[in-house]
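Coordinates in review
These are the residues of each chain, in order.
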Amino acid sequence: MTVAGVRFGKAIGTALADAMRADPAVVVLGEDIAEAGGSFGVTRGLLAEFGPLRVRDTPIAEAAIVGAATGAALGGLRPVVEIMFMDFLTLAMDALVNQAAKAWFMFGGQAPVPLVVRTPHGGGLNAGPQHSQCLEAWFAHIPGLKVVCPSDSASAYGLLRAAIDDPNPVIFVENKSLYAAAGELPEPAPSLPIGQARTARPGSDATVVTYGACVATALETADRLAQEGLDIEVLDLLSLQPWDEAAVLASLARTHRLVVFHEAVTAFGVGAEIVARMADVGFDELDAPLKRVGAPFMPVPFSRELEAAFQPNDVALEAALREVLA
Amino acid sequence: MAGSDHIGARVKEARTAAGLSQQALAERVGVSQAAINKLESTPGASSRKLVEIAKVLGVAADWLATGGSGDRPKTSAPDRTAPALPQDQQLELYQRMVLVREAELAAAEVFAAGEIPGFIHLSVGQEGFAAGITSPLRPDDTIAATHRGHGIALCKGVALERFFLELLGRAEGLCAGRGGSMHVADLAVGMLGANGIVGGGLSLAAGSAMAHQVRGSDAVAVACFGDGAQGEGLLHETLNLAALWQLPLLFACENNGWGEFSPVERQFAARIGEVASAFGIESVCVCGEDVAAVAAMTGELVAAIRAGEGPKLIECHTHRARGHFEGDPQRYRSEDDQQAWLEKDPIAYSEQQLATAGVVQAQFDDTRADAKARVAAAVEQARRGTLPTFASARAGVYAPAGA
């Protein structure tokens with residue numbers, strides 16, 4: 001059975017509640033997540049069901065929040081932290097990069113760190129340079145961390161359940177523009193394995209590798225080009241660290257043309273890694289240069305016009321596809 | 001802050017900072033409240049009880065007498081007297097300190113011989129802190145140490161052999177040779193690790209306390225930090241979090257007077273006990289030279305935390321005998337300062353105390369010989385340990401499913 005019309009944010013809240021019912025070690029903490037139900041309403045209702053020991057409002061102190069969650073994870077809890085905007089993770093970098101990411105390795109495998117940090121990225125709200133960034137590549141660069149980024153309600157549910165079950169720290173990235181998007185959620189909804197991409201649209205002429213909110217844009221673009229007889233495959237990565245290199249390579253082997261499309265700044269980004277690997281292991285498959293479509297190398301601007309011009313969109317993706325198909 | 005300009009004013013400054021009333025100070029010193037009032041309000045007045053006053057307020061008597069260089073007093077005031085410990089407990093504390101001392105002196109030799117890679121930070125002279133702070137802890141209590149964490153590790157119950165195996169980078173080491181001196185950890189005995197990041201263990205210990213709290217256990221977590229961490233934002237965030245959540249957490253400040261290469265006076269403008277008070281966290285300050293006092297005071301605080309009183313703070317004054325790291329030429333430090341610890345050596349002090357109580361020199365000699373023998377055997381075992389393989393380290397970045 002499938003339930004229709006489940007919003008992305010609601011799917012995340014449902015995953016949290018289901019995980020908390022399944023395991024008393026799961027606790028949720030963050031700024032305004034208990035009484036207020038979260039900045040984006042994702043954690044609404046959890047306090048009432050699970051109580052203040054397991055659902056905690058924190059002071060605005062990201063370093064201590066993530067550090068304490070790491071200590072709690074080392075102590076056997078499975079904390080899920082909400083960091084209100086991904087930009088604020090800058091304040092928790094020691095806890096994530098030096099402590100959580102390394103504890104399993106550095107202590108010789110003594111105790112896992114089953115920590116999840118949920119955080120929204122992305123622009124479109126005119127929230128300005130400090131509330132709009134897509135910083136996932138930073139975390140994908142750190143050995144010991146996993147990074148996932150769902151694209152719809154079902155993947156949000158499935159990946160969050162997998163992230164909570166995972167014995168490693170997982171950065172769970174939620175694109176703000178998706179919170180209100182309605183989707184289908186199977187009942188019972190399955191957990192989705194971390195590290196597996198999915199083919200959002202099969203095609204034979206060129207591959208778009210993308211994730212998060214960009215998946216919908218890529219699908220629209222593919223539909224439009226289909227009217228001209230161009231058959232675009234859209235691969236939804238879902239996981240960025242580890243990412244599904246085998247699936248990307250298999251798609252490239254079918255289409256021989258590949259564009260990576262993401263909202264984050266292009267330079268030194270997720271697309272850079274994918275393109276570099278495909279230039280290496282997929283060299284013999286290439287019929288066109290590998291391309292990246294992402295944001296220009298600048299802070300996210302505030303004004304409506306500036307932000308619209310900054311954000312990579314369907315027009316930019318279409319242009320890149322036409323180039324590789326030329 | 002410039003020192004107040006007469007004795008009475010300095011007494012008042014230190015008394016206020018210690019949070020004591022004139023009456024409370026008077027009672028502890030054994031004079032009338034009127035005498036304290038007169039002393040404080042009369043320029044030129046002094047007191048025959050100045051040494052006692054200084055002791056109660058936790059400041060140097062010569063600062064009270066002369067104002068010294070004009071700096072404010074460095075220590076927080078002890079506001080409680082530690083209960084006396086039974087002699088067998090004092091002996092055990094002594095033995096632990098001696099083991100830590102011998103282990104670190106051996107580590108220094110092995111390091112100098114090039115057998116320990118990287119760098120090590122020794123706590124010679126500060127053993128009173130490690131032995132005292134850990135003494136009331138149970139196996140299910142947890143503790144996060146600083147980068148100078150050998151003593152805490154050994155006193156919390158980490159096996160001496162696996163400790164040296166780790167220092168020498170061997171596969172059988174506590175951390176399979178992946179962490180080394182700065183990351184010695186043994187979660188099975190509640191040792192959450194030394195930490196390479198100044199202040200890094202504070203929030204980890206808070207999280208461990210949260211885990212105790214969520215489970216409904218009466219276990220306690222201890223967050224060790226050095227005076228050098230007092231300026232770290234994370235300390236202040238963690239004090240706040242612990243106070244808000246009433247975490248079963250003991251903040252333990254090991255104040256050895258030096259934050260790396262700079263004296264504490266140039267690094268921290270406040271006093272940590274006052275900072276704790278601002279968060280409503282009770283604090284005490286003890287002399288780290290006196291391991292029995294550290295142990296007894298920690299015992300009281302830990303019992304109160306177990307009973308649900310929420311976080312507490314203990315500041316422990318010690319002297320760093322050696323450099324920030326082993327091999328540090330310490331050009332920033334006077335010869336006098338480098339030797340000062342000898343007068344404050346917690347092991348020597350403990351021997352004096354025990355000797356007064358009738359323990360004979362032969363027992364001290366035996367303790368030392370026994371520790372030396374255990375350490376020598378552990379070092380030998382570590383030398384025989386196997387070198388870790390890169391493939392095993394490479395495979396150990398992520399925990400497998402079900403871990």
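For the structure, see preceding data.
These remarks concern the structure in this document. (Residues numbered from 1 in each chain as written. Chains lettered and ligands numbered in written order. Predicted model: local features only at pLDDT ≥ 70, side-chain atom pairs only at ≥ 80, totals over all residues.)

**Considering the overall build of chain B**
Selection rule: The numbering of helices and of strands both runs from the N terminus, where a helix is a DSSP run of H or I of at least 4 residues and a strand a run of E of at least 2. Only C-alpha atoms enter the radius of gyration, while the globule expectation follows 2.2 Å times N to the 0.38, with N the number of residues. Exposed residues have 12 or fewer other C-beta atoms within 10 Å of their own C-beta, buried residues have 20 or more, and partly exposed residues fall in between, where C-beta atoms are placed from the backbone. Here the contact rule is simple: place C-beta atoms from the backbone, and any two residues whose C-beta atoms are within 7 Å are in contact.
A tally of regular secondary structure across chain B gives 17 helices and seven strands. A globule of 403 residues ought to have a C-alpha radius of gyration of about 22 Å, and chain B, at 22 Å, matches this closely. For chain B, the spread of C-alpha atoms along the principal axes amounts to about 75 × 50 × 40 Å. For chain B, the residues scored as buried account for 51% of the 403 residues in total. Sequence-distant contacts in chain B: of pairs separated by 6 or more residues, those separated by 24 or more amount to 73%.

**A look at the overall build of chain A**
Secondary structure summary: chain A contains eleven helices and 14 strands in total. In terms of C-alpha radius of gyration, chain A reaches 19 Å, essentially the compact-globule figure of 20 Å for 326 residues. Structurally, chain A occupies a C-alpha span of about 60 × 45 × 45 Å along its principal axes. The buried share among the 326 residues of chain A stands at 59%. A separation of at least 24 residues holds for 80% of the contacts in chain A among residues at least 6 apart in sequence.

**Brief notes about the sheet that holds strand E13 (residues 258-265) of chain A**
Residue and element names in this part refer to chain A. The condition that has to hold: Strand pairing is defined by DSSP finding a minimum of two bridges between the two strands. Angles here are taken between N-to-C directions and fall from 0 to 180 degrees, while the axes themselves are lines fitted to C-alpha atoms, restricted in helices to the stretch in contact.
Here five strands make up an open sheet; going across it, the order is E9-E11-E10-E13-E14 and the pairing mixed. Whereas interior strands pair on both sides, the edge strands pair on one side only; in this sheet they are strand E9 (198-201) and strand E14 (291-295). Neighbour-to-neighbour, the strand axes of the sheet open up by a mean angle of 25°, direction not taken into account. As paired elements, strand E10 (residues 206-210) and strand E11 (residues 232-236) share five bridges and run parallel to each other. Bridging from a neighbouring strand, threonine 210 pairs with aspartate 236 of E11. Running over the sheet, helix H11 (residues 314-325) touches E10, E11, E13 and E14 and is turned about 170° from E14.

**Description of the interface of chain B and chain A**
Applicable threshold: Polar here means any residue outside two lists: the nonpolar Ala, Val, Leu, Ile, Met, Phe, Trp, Tyr, Cys and Pro, and the charged Asp, Glu, Lys and Arg; Gly therefore counts as polar.
With 35 residues of chain B at the interface, the matching set in chain A holds 34 residues. Looking at the side of chain B that touches chain A, the elements with two or more residues in it are helix H10 (200-215) and helix H11 (233-245) of chain B. Its residues assigned to classes, the side of chain B that touches chain A comprises 21 nonpolar, twelve polar and two charged.

**Focus: the sheet that holds strand E3 (residues 249-255) of chain B**
Residue and element names in this part refer to chain B. In spatial order, the strands read E1-E2-E3-E7-E6; together these five strands make up an open sheet with parallel pairing. Whereas interior strands pair on both sides, the edge strands pair on one side only; in this sheet they are strand E1 (142-144) and strand E6 (282-287). On average, each strand axis in the sheet is tilted by 20° relative to the strand beside it, whichever way the strands run. Both E3 and strand E7 (residues 312-317) contribute to a ladder of six bridges, which runs parallel. If you follow phenylalanine 251 over to E7, its bridge partner there is leucine 313.

**Notes on the nonpolar core**
Short version of the rule: What makes a nonpolar core is a set of buried Ala, Val, Leu, Ile, Met, Phe, Trp, Tyr and Cys residues, with links drawn between C-beta atoms within 7 Å.
Counting residues in each nonpolar core, the largest one holds 216 residues, and the members touching the most others are Val148(A), Val259(A), Ala205(B), Ala206(B), Val222(B) and Ala223(B). Here the element with the most residues in this core is helix H13 (residues 291-309) of chain B; it accounts for ten residues. Ignoring any residue separated from it by four or fewer positions in sequence, one finds Val259(A) in contact with Ala206(A), Val208(A), Lys291(A), Val293(A), Leu317(A), Ala320(A), Leu321(A) and Val324(A). One finds Leu39(B), Ile53(B), Val59(B) and Trp63(B) within the second-largest nonpolar core, a separate group that totals 16 residues.

**Details of H13(B)**
All names here are of chain B. Along H13, the residues that are buried comprise Val291, Ala292, Ala293, Val294, Ala295, Ala296, Met297, Thr298, Leu301, Val302 and Ile305. Tucked into the core, H13 has its buried residues touching helix H6 (87-112), helix H7 (127-134), E3, E6, E7 and helix H15 (346-356). Glycine 310 lies just past H13 and shows a positive phi near 85°.

**Focus: the environment of Ala17(B)**
Residue and element names in this part refer to chain B. With respect to the helices and strands, the residue alanine 17 is situated in helix H1 (residues 7-17). In this structure the C-alpha to C-alpha distance between alanine 17 and glycine 273, which are 256 residues apart in sequence, comes to 9.2 Å. The residues touching alanine 17, leaving out its near neighbours within four places in the chain, are Arg271 and Glu274.

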